[in-house]
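# A structural walkthrough
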Amino acid sequence: MDSFILQILNGLDKGSAYALIALGLTLIFGTLGVVNFAHGALFMIGAFCAVTLQRLLSISHTVIDETQKDFLGNPLEVERPYVMDWFGPDIGGGLIEWSVPLAILFAIPVMVGVGYAMERGLIKHFYNRPHADQILVTFGLAIVLQEIIKYFFGANPIPTPAPDALNGVVNFGAALGLEVTYPLWRIVYFCFAAVIIGAIFAFLQFTTFGMVVRAGMADRETVGLLGINIDKRFTIMFGIAAAVAGLAGVMYTPINSPNYHMGMDFLVLSFVVVVVGGMGSLPGAVLAGFMLGILESFASTTWATTTIPGINQVIIYLVAIIVLLTRPRGLMGRKGVMED
């Protein structure tokens, strides 16, 4: 039972990242009809927003610290962050320690801006082009963004720790007499993902803007004939989708140290999630994300990898093959999509 609960938690953790990225991908495909292979790069940029904010808050200058002495009794020169001078050691130190959560506020305008520039500057020219053209141009854009990050931040992973207060473990099984401990930050990540997913669905379901967007996803021409500038709303949705991917990257940095190829690592898996859930289906993307995350978690157990070596590397693709052979439109895709 301990192992079972632990694997479920691992699956929800992985599924949170898959679901958030797949949700953004589905928003873009469902609204604009664009297969965006640069979406993984948006996840990576979000992660490096957290790195950038941490470095900005850690900019320091040299001061003489009278409380520290060398072996001759002379005061030592130390580096002190400017935020500690401006806000005091307690608040300044807290800002540096909580840089990852604070990066959410930093990343939202950055990611919306990046998404808007990407859509207006490049992707809008490929709306009526074949999907193969869209894949090639967005994949090329992803490589360019990846190399830019590599140039400025280097090729090595950059540790970006969570705040000390959220860096411990939680004993889930204490009330049931079980020994199931799990990292607190991973639980925070799952809760964060649930809030973001719920907010997106609430936005689309209960706001006038969201209702118009959903109508445009179903019948773009009719909505346009009503005098509504649906293209402008879709551009905004592209920015929102970029922000969702970026926030997923921000909060994932303590789990996986940011590196320049992390976007590509998640991209293919996220497209598999979208296809399994159903192209254009937001509930399907979320459901498939968590389902495949849990399956991958159980496939990574010692028993599974001993019984079928390498099953943890291919389980997601096997499920995708089975789903597409039996239900080409995916678990919750609209009838007729990918069934011609």
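Above this text you will find the structure in question.
Throughout what follows, the structure given in this document is the object of discussion. This is a predicted model, so every value here is computed, not measured. In this convention, every chain numbers its residues from 1, walking through the sequence in written order. Two thresholds apply to this predicted model, a pLDDT of at least 70 for residue-level local features and 80 or more for giving and counting side-chain atom pairs, whereas whole-chain, interface and lining totals are computed over all residues. Side-chain measures were taken over the full set of non-hydrogen atoms in the model, leaving aside hydrogen atoms and water.

## Comments concerning the overall build of the protein chain
Helix and strand counts for the protein chain come out as 13 helices and four strands. In summary, the protein chain has a C-alpha radius of gyration of 23 Å against a globular reference of 20 Å for 340 residues, a match within 12%. Taken over the C-alpha atoms alone, the protein chain extends approximately 80 × 55 × 35 Å along its principal axes. Buried residues in the protein chain amount to 47% of all 340 residues. Taking all contacts inside the protein chain whose residues are at least 6 apart in sequence as the whole, residues at least 24 apart take part in 70%. When the accessible surface of the protein chain is split by element, carbon and sulfur atoms take 66% of a total near 16400 Å². Neither His nor the chain termini are counted; the positive set is Lys and Arg, and the negative set is Asp and Glu. A single reference atom marks each charge: NZ on Lys, CZ on Arg, CG on Asp, CD on Glu. Of the side chains in the protein chain, 17 bear a positive and 22 a negative charge, and the two mean positions are spaced by 14 Å. Helix and strand assignments come from DSSP, with helices taken as H or I runs of at least 4 residues and strands as E runs of at least 2, each series counted from the N terminus. We compute the radius of gyration from the C-alpha atoms alone; for a globule the expected value is 2.2 Å times N to the 0.38, where N is the number of residues. Under the scheme applied here, a residue whose accessible area is under 20% of the maximum for its type counts as buried, over 50% as exposed, and between as partly exposed, the area being computed with a 1.4 Å probe on protein chains only. The contact definition used throughout considers only heavy atoms, calling two residues in contact when any of these lie within 4.5 Å. Areas reported here follow the Shrake-Rupley algorithm with a probe of radius 1.4 Å; residue values treat only the protein chains shown as occluding.

## Describing a nonpolar patch on the surface
Taken together, the side chains of L56, I59, Y82, W86, F87 and I91 make up a nonpolar region of the molecular surface, amounting to roughly 640 Å² of accessible area. With four residues, the top contributor of residues to the nonpolar patch is helix α3 (residues 82-97). Checked against the element boundaries, I59 lands in the loop between α2 (39-57) and β1 (60-69). For patch building, the residue pool is restricted to those with more than 30% relative accessible area and no salt bridge; the joining distance is 9 Å between like charges and 5 Å between nonpolar side chains (Val, Leu, Ile, Met, Phe, Trp, Tyr). Salt bridges are defined as contacts in which a side-chain nitrogen from Lys or Arg sits within 4 Å of a carboxyl oxygen from Asp or Glu.

## Quick word on helix α6 (residues 184-206)
The span you would expect from a helix comes to 1.5 Å times its residue count less one. With 23 residues, α6 should reach 33 Å at 1.5 Å per residue; the first-to-last C-alpha distance of 32 Å fits that figure. For α6, the complete set of buried residues consists of W185, I187, Y189, F192, A193, I196, I197, I200 and L204.

## A few points about the nonpolar core
Here, nonpolar core means buried Ala, Val, Leu, Ile, Met, Phe, Trp, Tyr and Cys residues that are tied together by side-chain atoms lying within 4.5 Å of each other. Formed by 99 residues in total, the largest nonpolar core has its most connected members in L20, M44, M118 and Y189. Considering each element in turn, this core owes the most residues, 14 residues, to helix α9 (residues 230-252). Residues within four places of L20 in sequence aside, it is in contact with Y189, A193, I196, I197, V244 and A248.

## Quick word on the pattern of salt bridges
As enumerated under the stated definition, the model contains four salt bridges in all. In this structure, R186 and D13 form a salt bridge, with 2.2 Å as the shortest nitrogen-oxygen distance. Of this pair, R186 sits in helix α6 while D13 sits in helix α1 (residues 2-32); the two residues are 173 residues apart in sequence, bridging distant segments of the chain. Using a relative accessible area of 26% as the deciding quantity, one classes R186 as partly exposed. For R120, the salt bridge identified is with E119, shortest N-O distance 2.6 Å. A residue is classified by how much of its surface remains accessible, and E119, at 0% relative accessible area, is buried.

## As for the packing of aromatic side chains
What counts as a ring pair is set by centres within 6.5 Å for rings of Phe, Tyr and Trp (its six-membered ring), and what kind of pair is set by the plane angle: stacked under 30 degrees, edge-to-face over 60, tilted for all other angles. Following the criterion strictly, the structure yields 12 aromatic pairs and no others. With centroids separated by 6.0 Å and ring planes inclined at 55 degrees, the aromatic side chains of F43 and Y252 adopt a geometry described as tilted. Here F43 is found in helix α2, whereas its partner Y252 is found in helix α9, with 209 residues between them in sequence. The two residues F43 and Y252 agree in class, both being buried. Through successive ring pairs, a cluster of aromatic residues spans Y18, F43, Y189, Y252 and F266.

## Here we look at the side chain of S16
Relative to the helices and strands, S16 resides in helix α1. Residues adjacent in sequence count toward polar contacts only when both atoms are side-chain atoms; beyond that, a polar contact is any pair of N or O atoms within 3.5 Å, and within protein one must be able to donate a hydrogen and the other to accept it. At a separation of 2.6 Å, a polar atom in the side chain of S16 contacts the main-chain carbonyl oxygen of L12.

## Comments concerning the packing of α6 against α9
Each pair of packed helices gets described by two things: the angle between the helix axes and the distance between those axes. The angle between two axes is taken between their N-to-C directions and runs from 0 to 180 degrees, where each axis is a line fitted to C-alpha atoms and a helix contributes only its stretch in contact. Two elements in contact, α6 and α9, have axes whose closest approach is 10 Å; the angle formed by their N-to-C orientations is 170 degrees. In this view, α6 runs roughly antiparallel relative to α9, as classed from their interaxial angle. Counted together, W185, V188, Y189, F192, I196, I200, F203 and L204 of α6 and M237, I240, V244, L247, A248, M251 and Y252 of α9 form the full contact between these two elements. For the contact of α6 with α9, the residue count by class is 15 nonpolar, no polar and no charged. Put simply, angles under 35 degrees are roughly parallel, angles over 145 are roughly antiparallel, angles from 65 to 115 are roughly perpendicular, and the rest are oblique. All amino acids are sorted into three groups, where Ala, Val, Leu, Ile, Met, Phe, Trp, Tyr, Cys and Pro are nonpolar, Asp, Glu, Lys and Arg are charged, and the leftover types, Gly among them, are polar.

## A short note on the environment of Q134
Tracing the backbone through its elements, the reader meets Q134 in helix α5 (residues 131-153). According to the relative accessible area criterion, Q134 is buried, its value standing at 1%. Put simply, Q134 and L56 are 78 residues apart on the chain and 36 Å apart in space, counted from C-alpha to C-alpha. For Q134, the contacting residues outside a window of four places in its chain are G33, V34, V35, F126, Y127 and R129. Within the structure, the side chain of Q134 is placed 3.0 Å from the side chain of H131, a separation counted as a polar contact.

## Examining the environment of G11
Relative to the assigned elements, G11 resides in helix α1. Given the relative accessible area of 0%, G11 is considered buried. For the pair G11 and S60, spaced 49 residues apart in sequence, the C-alpha separation works out to 40 Å. The residues contacting G11, other than those within four sequence positions of it, are F290, G293, I294 and S297.

In short, geometric facts, not functional conclusions.
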